[in-house]
Every structure is written in C-alpha cells, then in structure tokens.
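# Architecture and fold: a report
Single-letter residue listing:
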2 protein chains.
Amino acid sequence: MTVFFSKKCEYGLQAVLFMATQENDCVCPSEEISKKLNIPKEFISKILQSLTESGIIESKKGKSGGFKLAKQPSKIKLIDIVEAIDGLESFNSCVLGFPKCSPDKPCPVHEQWGVLRTKAHEMLSSETIDKFKEKTLKKINNA
Amino acid sequence: MTVFFSKKCEYGLQAVLFMATQENDCVCPSEEISKKLNIPKEFISKILQSLTESGIIESKKGKSGGFKLAKQPSKIKLIDIVEAIDGLESFNSCVLGFPKCSPDKPCPVHEQWGVLRTKAHEMLSSETIDKFKEKTLKKINNA
DNA sequence: TTAAAACCAGATAAATTTGTCTGATTAAAA
DNA sequence: TTTTAATCAGACAAATTTATCTGGTTTTAA
C-alpha cells in the first residue's frame, strides 16, 4: 500500500487547487468539479461539505449555487487542506507504529524519518495554493 | 489518515528489526515476536509467512521452530521489506492522485513532492538493518 | 512412537475507507 | 409562483485492510 494522503485528501486537494483556478466570485457546482477531475459526484460532494465546515471553502445553496474559496488563494496553504481532511496526527506519530515514539524513546528510524517528515511538513506549510494555478490548469486540460 | 506504511508493513519492519537483534542461528517463534512487539499473533504470523516467501526471512517448521533472517543483517535494506509487503508503487504514483502524473504531464506539486519522495526512497535504500540493532533493543526493552 | 509445539493454508469476521442512494431544503430563474 | 438546480444530511453499500479462527502438516523431544 504505502499511501501518503487518503483518497479523500487527494480529492480535496485536487478540488481546492481547481477552485483556485476559477474566476473570483464564480461558484463552482460539485458536478462540474466531479466531471473536471473525474471524481465520483457524491463523494466529492461530501468532501466539499466538510471543507465548507472547516472554513476553507464556502457554499452557496440553491439554483446556480456551488462552491468557492473562502479566502484568497494566497492565504490557503496545502497543509490547511490536509489538516481539515486527514488531520495532522501522522506528523506526530511513529512511522513504524511503535508506541510512544519520541525523542526520549525513539524508534529505530526516528532520526532518519524525522528529517523527512519535517521537510514534508515544511513544504506543505509554506506552499500556498495561488502558486499552483498555472500548473493545475495545464494538468487538468492536458491530462 | 495520512499514513506512510500500511499496518502490515509497519509490523513487518518491526519484526525484521527485532529478528536482527537475535543471536545468529536462533530461530524466533511467531508467538515470541507477537508478545515482544504487541502484535496480534495470527496477524504477524501471516506477515512472517509472506516475508518468508519473499526470501527475506526463513522459517523452520515443527517443534522448536520459528523464523530467522535469511541473509546477513547488513544485506537487508529497509526498502526490501517495504517492497515485499507494500510494494514500490507509491514511489512512482501521483501524491495527489492525478492520472498519468509524470515529468511530461506533472501534477501541480510534482516537483516539490518528487524531491521528498526521492529522499525517502534514498533513505530506505541506503539503510540496512544491522545499523538499527542497538536502537531496536533499547526501544523494545524500554517501551 | 507419541505428544507437543511450531509453521502453513484457507476461510471467515471486523473495522475502516471509499463510494452510492434517497429525500429534504434552499434559492435562483422562468 | 412554480419549476429547476443546487447544497445538505443521513443512511446504505461495496471494497479494502486488519484481524481471527479452524484445522492440517511438520518436526523435535520426551
């Protein structure tokens, strides 16, 4: 197996990155997101609902409703989306599954893995979604 | 969620690291491994069976049987165990779940994630399990 | 030779994650 | 005002992962 993000989180990241490519006050119905990204409609709907609760996106109900970002793209970090969906536990728990892994009671690979995990966390915390607009458009339209 | 290794893989890594701390020709029954590492007996048995098939460990059947490493600890890399259990697909597939993510058709975070993934792969490929003997003993006996 | 202690094999069960369905509510547009 | 198109809520279903059970086979040791 060996995944990093859950499917939900992958889809959530895709969806938010996609929404960041849209014009400002244009709301995006879940069906459109579903089609553009090839994600089952009902599934992405649920994910969008939870991202709405988390305050990352906003929803507009009723006809010609949909979703849009709740903040400026430059204010949304990748880690925000990950935290909302998968949580941050993995950045604080043992990669080998040992109990109570800590600097005090390190697991065998504590050091080696710690470095990598920190780098991953730094990357996700520093990158904001406005940086990915072009690449996202390219990927979605080319793929 | 956000896991890196599956539970199976975590347990497999723990078990092999533990076996590397044992005396050379001493075979280790699955029950002992189960108790030492707090892993359900039947579950770790299955995992040990599959590691046996993969040639990483050897089994001795019958009374006073058990498992031991099939090679010298210095010849077993962490990545070997991961490959045997989880496979290497994740090192070659898109972290955002986009289809056909490649240098040609990169996903939005292709570069950023690629660096991290490569580092993870390098770490797992360079570290051999003999390096962890002491730390493993400490962790198991202290925890 | 026999009993005990281990691995082995395959089925089954439980838990979690992923995905679907139904109907209610909301709000814009005809 | 009514129809239509959307979110929302909660139950349900399927798939995957994790864990357990049962019984068989192997081999040592008493």
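These figures come from a predicted structure and were not determined experimentally. (Residues numbered from 1 in each chain as written. Chains lettered and ligands numbered in written order. Predicted model: local features only at pLDDT ≥ 70, side-chain atom pairs only at ≥ 80, totals over all residues. Heavy atoms only, no water.)

## Things to note about empty space enclosed by the protein
The full count for this structure, using the stated rule, is three cavities of 30 Å³ or more. Roughly 70 Å³ of volume is contained in the largest cavity. Every residue along the wall of the largest cavity is listed here: Val95(A), Leu96(A), Val109(A), Trp113(A), Phe5(B), Leu13(B), Leu78(B), Val82(B), Met123(B) and Leu124(B). For the lining of the largest cavity, the secondary structure elements donating two or more residues are helix H4 (78–85) and helix H5 (110–126) of chain B. Grouping the amino acids of the lining of the largest cavity by side-chain chemistry returns 10 nonpolar, no polar and no charged. If you add up the space inside the second largest cavity, you get close to 60 Å³. Lining of the second largest cavity is provided by Phe5(A), Leu13(A), Leu78(A), Val82(A), Met123(A), Leu124(A), Val95(B), Leu96(B), Val109(B) and Trp113(B). Of all elements in the fold, only helix H4 (78–85) and helix H5 (110–126) of chain A reach the threshold of two or more residues within the lining of the second largest cavity. Of the residues in the lining of the second largest cavity, the class split is 10 nonpolar, no polar and no charged. (1 Å grid on protein atoms, 1.4 Å probe; cavity = no way out; pocket = protein on both sides within 12 Å on 5 of 7 lines; lining within 4 Å. Points joined across faces, edges and corners; volume = space filled by probe spheres on them. Helix = DSSP H or I, 4+ residues; strand = E, 2+ residues; numbered from the N terminus. Nonpolar A, V, L, I, M, F, W, Y, C, P; charged D, E, K, R; others polar.)

## Details of the interface of chain B and chain A
Residue-level contacts link 43 residues of chain B with 43 residues of chain A. Of the roughly 4,000 Å² buried at the junction of chain B and chain A (both faces included), carbon and sulfur atoms supply 66%. Together, Thr2(B), Pro108(B) and Lys139(B) form the three largest contributors to the area buried by chain B at its contact with chain A, with a combined 18%. Summed over the shared surface of chain B and chain A, the result is two salt bridges. Between Lys135(A) and Glu111(B) there is a salt bridge whose closest N-O contact spans 3.5 Å. (Contact = heavy atoms within 4.5 Å. Buried area = accessible area lost by both parts, 1.4 Å probe. Salt bridge = Lys/Arg side-chain N within 4 Å of Asp/Glu carboxyl O.)

## What about the protein's contact with DNA strand C?
The full set close to DNA strand C counts 24 residues, and Pro40(A), Phe43(A), Gly62(A), Ser30(B) and Ser59(B) are the nearest of them. A share of 64% of the atoms of DNA strand C within 4 Å of the protein falls on sugar and phosphate groups. Contact distances for DNA strand C include 3.3 Å between a sugar or linking oxygen and a side-chain N or O atom of Ser64(A). With respect to DNA strand C, the side chain of Lys46(B) contributes an N or O atom lying 2.9 Å from a base nitrogen. (Near = heavy atom within 4 Å. Polar contact = N/O pair within 3.5 Å; in protein donor to acceptor, adjacent residues only side chain to side chain.)

## Some thoughts on the environment of Cys26(A)
All names here are of chain A. For Cys-26, the location among the structural elements is in the loop between helix H1 (7–19) and helix H2 (30–37). For Cys-26, a relative accessible area of 31% corresponds to the partly exposed category. For Cys-26 and Gly-66, which are 40 residues apart along the polypeptide, the C-alpha to C-alpha distance reads 8.7 Å. Discounting chain neighbours no more than four positions away, the residues touching Cys-26 are Phe-67 and Lys-68. (Buried < 20%, exposed > 50% of the residue type's maximum accessible area, 1.4 Å probe, protein only.)

## As for helix H3 (residues 41–53) of chain B
Residues and elements named next belong to chain B. Counted at 1.5 Å a residue, the expected span for H3 with its 13 residues is 18 Å, and the 18 Å between its end C-alpha atoms agrees. Those residues of H3 that sit buried are Ile-44, Ser-45, Ile-47, Leu-48 and Leu-51. For H3, the buried positions fall inside an angular range of 165° around the axis, keeping them on one side. Pointing more than 90 degrees away from the buried face of H3 are the exposed residues Glu-42, Lys-46 and Glu-53. Buried residues along H3 sit in contact with helix H1 (7–19), helix H2 (30–37), strand S1 (57–60), strand S2 (66–69) and H4. (Expected span 1.5 Å × (residues − 1). Arc of directions from axis to C-beta.)

## Considering the environment of Val109(A)
Note on placement: Val109(A) falls in the loop between H4 and H5. Residue class for Val109(A) comes out buried when judged on its relative accessible area of 4%. For the pair Val109(A) and Val95(A), spaced 14 residues apart in the sequence, the C-alpha separation amounts to 8.3 Å. Every residue in contact with Val109(A), bar those within four places of it in the chain, is listed here: Val95(A), Leu96(A), Gly114(A), Leu78(B) and Phe132(B).

## Points about the pairing of strand S1 (residues 57–60) of chain A
All names here are of chain A. Both S1 and strand S2 (residues 66–69) contribute to a ladder of four bridges, which runs antiparallel. Within S2, the position partnered with Glu-58 by the bridge is Lys-68. The turn joining S1 and S2, which pair antiparallel and follow one another in sequence, is formed by five residues; a positive phi near 75° is taken by Gly-62. (Pairing = 2+ DSSP bridges.)

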